[in-house]
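So the chains spell out like this:
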Amino acid sequence: MHVLVVTAVAAEADAVVAGLAGFTALGLREMTGGYELRGHAQYMPRPASVQIPVVDVLVGGVGPAASAAATATALAFSTYDPPYDLVVSTGIGGGFAPHAPLGSLVVSDAIVAADLGAETPDGYVPVDELGFGRTVHRPAPALSGRVAKLLAADPAVRVALAPVLTVSTVTGTAARAAELTRRHPRAAAEAMEGFGVAEAASGHEIPCLEIRAVSNAVGPRDRDAWEIGPAMDALRYAFAALTPVFEESS
């Protein structure tokens, strides 16, 4: 399987790479726009007809627009045919209580653009209800369910299979958190890139999944309460645990 993993910042990419223990680093591949792919392949004995698993890690930037542009560039300039078998948006993010406490992992069963729409006198209306565009990408249930099960194999790791919200402005108040919870009661995490990555993957008809490691609670902004270290540890664990998925033939 050829997999493209997209993070927002380099520290998240480092955590992903640290989890790819069974893979050999292939070095950097530069693309137009200044993007760089960190390639990794698993060179284990296998029949010549079986595809060598490859995981490319891309730092796409912060926010849905940056992540969409970076992902689309990687897919357009891919030397694989098809470009990739799976695209994964990942990194740290905020968790909605009680679904996703600090240090837990969230696997998307829906990737939702939570602020793509219009404010009206009657409240917020998503863009698809306005009659154009879309606000939700739904990973294949078999894929998201299997990934969640693999990550939950360690009983010490809490895993939620739930919607992940994409926002352009991180939630920093209790009122905003309550509004998002009202509109998306099953949502377990909030981040800034997933929907952009999913839009680019959809344009190339490639499956997409989002995985978030929870570093902070969605609500009043309290930077001192964030636990980035444990979240990065959870992210590293996640990509070590997903080796069986990456080893599959496309």
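Let me begin by describing the structure that accompanies this report. Keep in mind it's a predicted model, so treat the numbers as computed, not measured. (Residues numbered from 1 in each chain as written. Predicted model: local features only at pLDDT ≥ 70, side-chain atom pairs only at ≥ 80, totals over all residues. Heavy atoms only, no water.)

To continue, consider the overall build of the protein chain. What the protein chain contains, in helices and strands, is seven helices and 12 strands. Relative to a compact globule of 250 residues, whose C-alpha radius of gyration would be 18 Å, the protein chain shows 18 Å and is just as compact. Its C-alpha atoms give the protein chain principal-axis dimensions of about 60 × 40 × 35 Å. Within the protein chain, buried positions represent 50% of all 250 residues. Across the protein chain, the fraction of contacts at a sequence separation of at least 24, relative to all contacts at a separation of at least 6, is 75%. Of the roughly 11000 Å² of accessible surface on the protein chain, 58% is carried by carbon and sulfur atoms. Between the mean site of the 16 positive side-chain charges and the mean site of the 26 negative ones, the protein chain shows a separation of 4 Å. (Helix = DSSP H or I, 4+ residues; strand = E, 2+ residues; numbered from the N terminus. Rg over C-alpha atoms; globule rule 2.2 N^0.38 Å. Buried < 20%, exposed > 50% of the residue type's maximum accessible area, 1.4 Å probe, protein only. Contact = heavy atoms within 4.5 Å. Areas by Shrake-Rupley, 256 points an atom, 1.4 Å probe, with all protein chains shown as cover. Lys, Arg positive; Asp, Glu negative; His and termini not counted. Charge placed at Lys NZ, Arg CZ, Asp CG, Glu CD.)

Grouped together as the largest cluster of nonpolar side chains are 33 residues, with contacts concentrated most on Leu151 and Phe246. Tallying contributions element by element places helix H6 (residues 228-241) first for this core, with seven residues. In terms of nonpolar packing, the next biggest core, distinct from the first, is built from 22 residues, Val54, Ala70, Val87 and Ala198 among them. (Core = buried A, V, L, I, M, F, W, Y, C linked by side-chain atoms within 4.5 Å.)

With that settled, consider the pattern of salt bridges. Scanning the entire structure with this criterion turns up 10 salt bridges. As a salt-bridge pair, Glu179 and Arg182 come within 3.0 Å of each other at their nearest N and O atoms. Of the two residues, Glu179 and Arg182 both sit in helix H4 (residues 174-183), three residues apart, roughly one turn of that helix. The exposure class of Glu179 is partly exposed, given its relative accessible area of 27%. (Salt bridge = Lys/Arg side-chain N within 4 Å of Asp/Glu carboxyl O.)

Tracing the sequence through the fold places Glu36 in strand E3 (residues 36-41). Exposure remark for Glu36: the relative accessible area of 34% places this residue in the partly exposed category. Counting along the chain gives 160 residues from Glu36 to Gly196, while the straight-line C-alpha distance between them is 18 Å. Ignoring anything within four residues of it in the chain, the contact list for Glu36 reads Leu28, Arg29, Glu30, Val57, Leu58 and Val59.

This part takes up helix H2 (residues 64-76). Relative to the 18 Å expected for 13 residues at 1.5 Å per residue, H2 spans 18 Å between its end C-alpha atoms, a close match to the ideal helical length. Within the sequence span of H2, burial applies to Ser67, Ala70, Thr71, Thr73, Ala74 and Leu75. Those residues of H2 that are buried are in contact with strand E1 (2-7), E3, strand E4 (54-59), strand E5 (86-95) and helix H5 (194-203). (Expected span 1.5 Å × (residues − 1).)

The pairing of strand E2 (residues 24-30) with E3 spans six bridges and is antiparallel. Considered in E3, the bridge of Arg29 is made with Leu37. Hairpin connection between E2 and E3: a loop of five residues separates the two successive antiparallel strands, and Gly33 in this loop has a positive phi of roughly 85°. (Pairing = 2+ DSSP bridges.)

In this fold, Thr166 is placed in strand E10 (residues 159-166). A polar side-chain atom of Thr166 sits 2.8 Å from the main-chain amide nitrogen of Phe195. What Thr166 contacts, discounting residues up to four positions off in sequence, is Pro64, Ile111, Val112, Ala113, Ala114, Asp115, Ala191, Met192, Glu193, Gly194, Phe195 and Glu210. (Polar contact = N/O pair within 3.5 Å; in protein donor to acceptor, adjacent residues only side chain to side chain.)

A few words now on the packing of aromatic side chains. Scanning the entire structure with this criterion turns up two aromatic pairs. Arranged with centres 5.3 Å apart and planes meeting at 85°, the rings of Tyr80 and Tyr84 form a pair that is edge-to-face. Summarising the burial analysis for this pair, Tyr80 and Tyr84 share the class buried. Across the ring face of Tyr124, the terminal group of Arg183 is positioned such that the distance to the ring centre comes to 4.0 Å. (Phe/Tyr/Trp six-rings, centres within 6.5 Å; stacked < 30°, edge-to-face > 60°. Lys NZ or Arg CZ within 6 Å of the ring centre and 35° of its normal.)

Okay, the environment of Thr24 next. With respect to the element layout, Thr24 can be found in strand E2. Between the C-alpha atom of Thr24 and that of Ala41, which follows or precedes it by 17 residues, the distance is 5.2 Å.

Our focus in this paragraph is the side chain of Thr71. Here Thr71 is to be found in helix H2. For Thr71, a relative accessible area of 0% gives the class buried. A distance of 2.7 Å separates the side chain of Thr71 from the backbone oxygen of Ser67, its partner in a polar contact. The residues touching Thr71, leaving out its near neighbours within four places in the chain, are Leu4, Val6, Leu58, Val87, Val197 and Ala200.

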